[in-house]
2 protein chains.
Amino acid sequence: MLRLVHQEGPTTRASITERLGLARNTVGVLLDALVTAGLLAERSPALAGTRGRPSPIIDTVPARAGVLAVDLAVDAVRLAVVGLGGRVLSRKEWAHDPEGSAEAGVATLVEVLRDLARRRRRAGAAFQAVGVACWGIVRGYDGFVYNAPNIGWRDVALGAALADGLSARAGGRPLVQAISVANDADLGAIAEFRRGAGAGARRLLYVHSNVGVGGGIIDQGHLLAAAGGYVGEIGHMTVNPQGIRCHCGATGCWETEVDERALLRAAGVGAELEGKAAKDAVARVLADAAARERTASAAVRRIAASLGAGLASLVHILGPDRIVLGGYLADLLALAPSTIRGPLRERGFSPEARDIVIRPAACGEDAAILGAAEHAFETLFADPLAVVA
Amino acid sequence: MLRLVHQEGPTTRASITERLGLARNTVGVLLDALVTAGLLAERSPALAGTRGRPSPIIDTVPARAGVLAVDLAVDAVRLAVVGLGGRVLSRKEWAHDPEGSAEAGVATLVEVLRDLARRRRRAGAAFQAVGVACWGIVRGYDGFVYNAPNIGWRDVALGAALADGLSARAGGRPLVQAISVANDADLGAIAEFRRGAGAGARRLLYVHSNVGVGGGIIDQGHLLAAAGGYVGEIGHMTVNPQGIRCHCGATGCWETEVDERALLRAAGVGAELEGKAAKDAVARVLADAAARERTASAAVRRIAASLGAGLASLVHILGPDRIVLGGYLADLLALAPSTIRGPLRERGFSPEARDIVIRPAACGEDAAILGAAEHAFETLFADPLAVVA
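The structure presented is a predicted model; accordingly, all values stated were derived computationally and were not measured. (Residues numbered from 1 in each chain as written. Chains lettered and ligands numbered in written order. Predicted model: local features only at pLDDT ≥ 70, side-chain atom pairs only at ≥ 80, totals over all residues. Heavy atoms only, no water.)

Asker: Please clarify how the overall build of chain A should be interpreted in this entry.
Answerer: Per the secondary structure count, chain A includes 15 helices and 17 strands. In summary, chain A has a C-alpha radius of gyration of 23 Å against a globular reference of 21 Å for 389 residues, a match within 12%. Based on the C-alpha atoms only, the size of chain A along its principal axes is roughly 65 × 55 × 40 Å. Here chain A holds 389 residues, and 57% of them are scored as buried. Contacts in chain A between residues far apart in sequence, at least 24 positions, make up 62% of those at least 6 positions apart. Element-wise, carbon and sulfur atoms account for 51% of the exposed surface of chain A, whose accessible area totals about 16500 Å². Side chains of chain A give 42 positive and 40 negative charges; the mean places of these two sets differ by 7 Å. (Helix = DSSP H or I, 4+ residues; strand = E, 2+ residues; numbered from the N terminus. Rg over C-alpha atoms; globule rule 2.2 N^0.38 Å. Buried < 20%, exposed > 50% of the residue type's maximum accessible area, 1.4 Å probe, protein only. Contact = heavy atoms within 4.5 Å. Areas by Shrake-Rupley, 256 points an atom, 1.4 Å probe, with all protein chains shown as cover. Lys, Arg positive; Asp, Glu negative; His and termini not counted. Charge placed at Lys NZ, Arg CZ, Asp CG, Glu CD.)

Asker: Help me understand the state of the cysteines, please; the structure alone is not making it clear to me.
Answerer: Each disulfide consists of a covalent bond between the sulfur atoms of two cysteine residues. Residue and element names in this part refer to chain A. Scanning the model with the defined rule gives 0 disulfides over all chains in all. Of all cysteine sulfurs in the structure, the one in Cys246 sits closest to Cys134, which takes part in no disulfide; the separation is 17 Å. A relative accessible area of 1% means that Cys134 is categorised as buried. Of the cysteine sulfurs around Cys363, a residue in no disulfide, the closest is that of Cys134, at 20 Å. Assessed through its relative accessible area of 12%, Cys363 is described here as buried. (Disulfide = S-S within 2.5 Å.)

Asker: Could you clarify how one ought to interpret the interface of chain A and chain B in this entry?
Answerer: Across the contact, 39 residues belong to chain A and 39 residues belong to chain B. Summed over both sides, the interface of chain A with chain B buries roughly 3400 Å², with 60% coming from carbon and sulfur. In this structure, the connection of chain A to chain B is made through 8 residue pairs in polar contact (both at pLDDT 80 or more). Secondary-structure elements contributing two or more residues to the side of chain A that touches chain B are β7 (137–139), β14 (212–219), α10 (294–318) and α13 (351–354) of chain A. Ranked by residue count, the leading element in the side of chain A that touches chain B is α10 of chain A, at 5 residues. Broken down by class, the residue content of the side of chain A that touches chain B amounts to 20 nonpolar, 10 polar and 9 charged. (Buried area = accessible area lost by both parts, 1.4 Å probe. Polar contact = N/O pair within 3.5 Å; in protein donor to acceptor, adjacent residues only side chain to side chain. Nonpolar A, V, L, I, M, F, W, Y, C, P; charged D, E, K, R; others polar.)

Asker: Sorry if this is basic, but what is going on with the side chain of Glu255 of chain B here?
Answerer: All names here are of chain B. By the element assignment, Glu255 lies in helix α7 (residues 255–258). Among the polar contacts listed, one links the side chain of Glu255 to the side chain of His236, at a separation of 3.4 Å. There is a polar contact of 3.2 Å between the side chain of Glu255 and the side chain of His247. Ignoring any residue separated from it by four or fewer positions in sequence, one finds Glu255 in contact with Gly212, Val213, Gly235, His236, Cys246, His247 and Arg261.

Asker: Would you take a moment to explain the packing of helix α2 (residues 13–20) of chain B against helix α3 (residues 24–36) of chain B for this structure?
Answerer: Any two packed helices are characterised by the angle at which their axes cross and by the distance between the axes. Residue and element names in this part refer to chain B. Closest axis-to-axis distance for the α2/α3 pair is 10 Å, and the angle between their directions is 115 degrees. You can see that α2 and α3 cross each other, and the crossing is right-handed. Contacts between α2 and α3 involve Arg13, Ile16 and Thr17 from the first element and Arg24, Val27, Gly28, Leu31 and Asp32 from the second. Split into classes, the residues belonging to the contact of α2 with α3 amount to 3 nonpolar, 2 polar and 3 charged. (Axes fitted to C-alpha atoms, helices over the stretch in contact; angles between N-to-C directions. Left-handed = near helix turned anticlockwise from the far one by under 90°.)

Asker: Please explain the relation of the copies chain A and chain B as it appears in this structure.
Answerer: Here the second copy of the chain follows from the first by a rotation about an axis and a shift along it. Take chain A, turn it by 180 degrees, move it 0.0 Å along the axis, and it overlays chain B with an RMSD of 0.1 Å. Given the turn and translation reported, the copies of this chain are related as if by a two-fold rotation axis. Comparing interface residues between copies, 100% of those in chain A also sit at the interface in chain B, which points to an isologous, same-surface contact. (Least-squares fit on C-alpha atoms with pLDDT ≥ 70 in both.)

Asker: Teacher, can you tell me more about the sheet that holds strand β13 (residues 203–210) of chain B here?
Answerer: Backbone hydrogen bonds are what pair the strands of a sheet, in a parallel or an antiparallel way. Residues and elements named next belong to chain B. The strand order β15-β14-β13-β16-β17 describes an open sheet built from 5 strands, whose pairing is mixed. Taken across any chain shown, the strands that pair with only one partner, and hence form the sheet edges, are β15 (222–223) and β17 (357–360). Strand direction decides the pairing type here: strand β14 (residues 212–219) and β15, joined by 2 bridges, are antiparallel. Paired with Asp219 across the two strands is His222, which belongs to β15. Relative to β14, helix α6 (residues 184–195) is tilted by about 50 degrees, and along the sheet it contacts β13, β14, β15 and β16 (322–327). (Pairing = 2+ DSSP bridges.)

Asker: Explain the domain arrangement of chain A to me, please; I cannot follow it from the model alone.
Answerer: Think of interface size as the accessible area that goes away when the parts come together; that is how it is often given. Here the domain parsing of chain A yields domain 1 (2–60), domain 2 (65–186 + 367–388) and domain 3 (199–362). Put simply, the middle of domain 1 of chain A and the middle of domain 3 of chain A, counted by C-alpha atoms, are 41 Å apart. (Domains from an automatic or database assignment.)

Asker: Which parts of the structure should I look at to understand the pairing of strand β8 (residues 144–148) of chain B?
Answerer: Residue and element names in this part refer to chain B. Most of β8 is tucked away, with 5 of its 5 residues classed as buried. As defined by bridge partners, strand β7 (residues 137–139) adjoins β8 across 3 bridges and the pair is classed as antiparallel. Among the inter-strand pairings, Arg139 is bridged to a residue of β8, identified as Phe144. Two successive antiparallel strands, β7 and β8, enclose a turn made up of 4 residues, where Gly143 displays a positive phi of approximately 65 degrees. The sheet contact formed by β8 and strand β9 (residues 153–156) spans 3 bridges and is antiparallel.

Asker: Mind showing me how you'd approach a positive patch on the surface here?
Answerer: Residues and elements named next belong to chain A. A cluster of basic side chains, namely Lys92, Arg118, Arg119 and Arg122, defines a positive patch on the protein surface. Broken down by element, the positive patch gets its largest block of residues, 3 residues, from helix α4 (residues 102–122). Of note, Arg122 is situated in helix α4. Of the residues examined, Arg122 reaches a relative accessible area of 65% and is grouped as exposed. (Patch = residues over 30% accessible without salt bridge, like charges linked within 9 Å, V, L, I, M, F, W, Y side chains within 5 Å. Salt bridge = Lys/Arg side-chain N within 4 Å of Asp/Glu carboxyl O.)

Asker: Explain the packing of aromatic side chains to me, please; I cannot follow it from the model alone.
Answerer: Each aromatic ring pair is summarised here by two numbers: the centre-to-centre distance and the angle between the ring planes. Residue and element names in this part refer to chain A. Under the definition given, this model contains 4 aromatic pairs over all chains. Taken together, a centroid distance of 6.3 Å and an interplanar angle of 25 degrees make the contact between Phe127 and Phe377 stacked. With a gap of 250 residues between them, Phe127 in strand β6 (residues 127–134) and Phe377 in helix α14 (residues 367–382) connect regions that are remote in the sequence. By relative accessible area, Phe127 is classed as buried at 0%. With a centroid separation of 5.8 Å and an interplanar angle of 15 degrees, the aromatic rings of Phe377 and Phe381 are classed as stacked. Here Phe377 pairs with Phe381, and both are found in helix α14, just 4 residues apart, close to one helical turn. For the pair Phe377 and Phe381, one class covers both residues: buried. Aromatic rings pair up to connect Phe127, Phe377 and Phe381 into one cluster. (Phe/Tyr/Trp six-rings, centres within 6.5 Å; stacked < 30°, edge-to-face > 60°.)

Asker: Explain the packing of helix α4 (residues 102–122) of chain B against helix α5 (residues 158–165) of chain B here, please?
Answerer: Residues and elements named next belong to chain B. For the pair α4 and α5, the least separation of the axes is 10 Å and the interaxial angle reads 40 degrees. Between α4 and α5, the angle is such that the two are oblique. The hand of the α4/α5 crossing is right-handed. Of α5, the residues touching α4 (which contributes Val106, Leu109, Val110, Leu113 and Arg114) are Leu158, Ala161, Leu162 and Gly165. Within the contact of α4 with α5, the residues separate by chemical class into 7 nonpolar, 1 polar and 1 charged. (Parallel < 35°, antiparallel > 145°, perpendicular 65-115°, else oblique.)

Next up, the structure:
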């Protein structure tokens with residue numbers, strides 16, 4: 001019930017009863033308990049759209065429960081406080097120390113989170129969780145970061161460090177009731193499924209690329225995390241044994257053929273660029289292609305074809321009913337939709353595969369942060385009254 | 001409870017109570033109901049292995065509930081009656097009519113199944129189901145066969161035809177209480193998970209090859225069927241754009257690099273052979289490789305390397321914790337385990353991926369049939385008393 005209001009926004013008792021398929025009495029009892037716990041509140045509707053006595057509107061109380069969501073991005077640590085209901089209440093951002101160790105980075109993060117959590121607890125927050133998005137290989141069950149190449153972390157027990165640094169009690173409760181660390185692409189998939197272009201998909205394949213390629217699969221509402229604990233890495237499926245060497249050591253990984261660096265190589269410009277200069281060069285190639293400049297258009301077509309071929313393989317392996325493309329892949333989709341679709345049209349074995357829905361991501365840069373928040377809220381939804389009691 | 005005894009064989013009340021984590025009373029009530037329904041029976045143990053009063057043994061009653069499991073194999077239609085408990089009670093096999101249409105083939109199948117189901121009903125069967133394994137693209141929810149290239153069927157409404165032909169009532173019940181049609185590799189995965197080398201895996205990747213490559217994924221006990229209705233087709237992931245043309249129209253599909261035909265090509269023998277002659281040629285190459293003959297060994301190594309590379313991609317995409325290899329891939333595994341493991345060792349991002357367990361399939365030629373039976377039994381396990389009432 002709490003997840004429903006969190007996800008779909010203000011609603012009424014009648015609508016909740018209908019959506020959950022529960023008896024009215026049951027809904028009443030649960031609702032009263034959630035209102036008493038301060039997680040939901042009832043208010044009079046501002047506009048009475050129907051005749052008769054207007055139904056009170058039920059909404060979340062964002063200040064009462066929230067997630068400190070963190071994105072360990074390549075350029076900076078980005079933090080957002082996401083309240084129950086999914087609204088971003090505040091933000092904070094700081095640059096990585098280029099000279100600093102992973103330990104120092106973790107210590108800074110713990111300190112910021114502890115301060116923030118203490119202040120929010122004093123302001124009345126009953127549930128607090130931390131959700132971290134990390135570009136790299138993360139073990140889901142304990143948040144161990146095996147490798148986060150963009151920030152140079154290897155074998156960092158991030159989950160344990162957070163648990164340790166946030167283990168204090170405050171106001172009669174643990175300062176933080178849940179900690180989760182997960183792969184950013186998996187979290188992006190969750191965000192798009194819950195609040196973006198993946199809503200309603202039975203099996204969503206989310207593919208994201210800027211530098212490198214990541215992705216996640218949401219099957220019937222659940223993240224298909226790797227059974228071994230670590231996430232899968234769709235960017236490293238081999239698509240071309242005659243291709244170029246990948247940073248992972250293998251040859252012809254999909255990401256070497258479809259990410260931004262591949263686009264720059266295909267366009268013959270600035271393949272050696274990094275950081276902001278590379279970003280700008282990518283934007284120029286995309287703009288040139290939109291203006292039908294020949295070299296840029298050919299480069300976009302070539303990358304779009306490789307993207308489509310990889311998607312066709314993934315559709316054959318995974319059988320999704322929807323694909324959402326994030327990062328700069330959304331731009332490619334806008335520029336060359338039929339080239340991306342080509343391999344699926346030619347090679348799809350079934351009408352469903354040939355005509356699969358492909359959409360651009362809708363959560364933008366916030367995808368990983370929103371996903372981290374959704375992931376961390378799960379602890380609350382699993383048993384809200386126990387958690388805030 | 002019924003599934004437990006079906007799957008693990010004769011047991012005791014105490015063991016059931018422990019395994020299911022239910023109260024002893026609850027187990028007693030449910031057990032008595034299943035015994036009354038004739039699905040389970042208690043008998044005295046033949047050998048009393050422990051002191052004191054020996055516990056009665058609880059076992060399934062195979063004649064009381066069974067599946068008519070059918071494998072639409074390339075050479076013949078193979079049928080097995082699989083009783084509750086998983087034992088094959090009888091078999092039947094007939095050749096496809098090479099001149100006959102798909103409609104005629106379906107009609108023959110319906111007739112055989114109806115006869116058999118009627119006889120078994122008269123002999124006391126309370127639950128009967130039909131499970132069909134089909135090499136090709138099948139829509140799970142209604143058993144529509146989109147394409148079964150090995151027997152030349154296209155767009156055959158097999159599920160509907162079976163439902164129609166077996167719709168009679170007999171002995172106060174529907175003649176057949178469940179019908180399922182599914183892809184043979186998906187069913188092979190189920191069989192290996194339930195009764196073979198995949199038992200206990202959290203996420204099982206099953207890969208099978210003789211002619212062509214198929215596979216299935218069992219995640220936490222459930223088949224990961226395609227969301228669109230049709231199965232995935234891992235044999236058609238593109239692994240080599242410079243490879244050869246696949247029968248599907250694409251170039252460099254995995255199956256063109258790892259199936260038996262690929263082995264014959266690599267060994268430079270009999271690539272033009274078909275049927276039994278091709279089988280014999282494959283057996284000779286494998287035997288020669290086992291005897292360390294140079295050409296055959298090189299061919300096996302080459303195919304094993306391609307197999308390993310594809311498995312590495314699938315591990316990156318799917319994150320399984322176990323791989324089971326069926327068909328002639330089990331022979332490759334015996335001959336060249338380290339070559340198959342090579343790409344995983346080199347490219348695996350995590351210890352779990354690098355050291356993933358790879359086992360040969362254990363169900364042999366019966367995998368598809370046993371899987372079809374397990375799949376069809378699910379209707380019984382979901383609500384046994386309602387089904388046989």
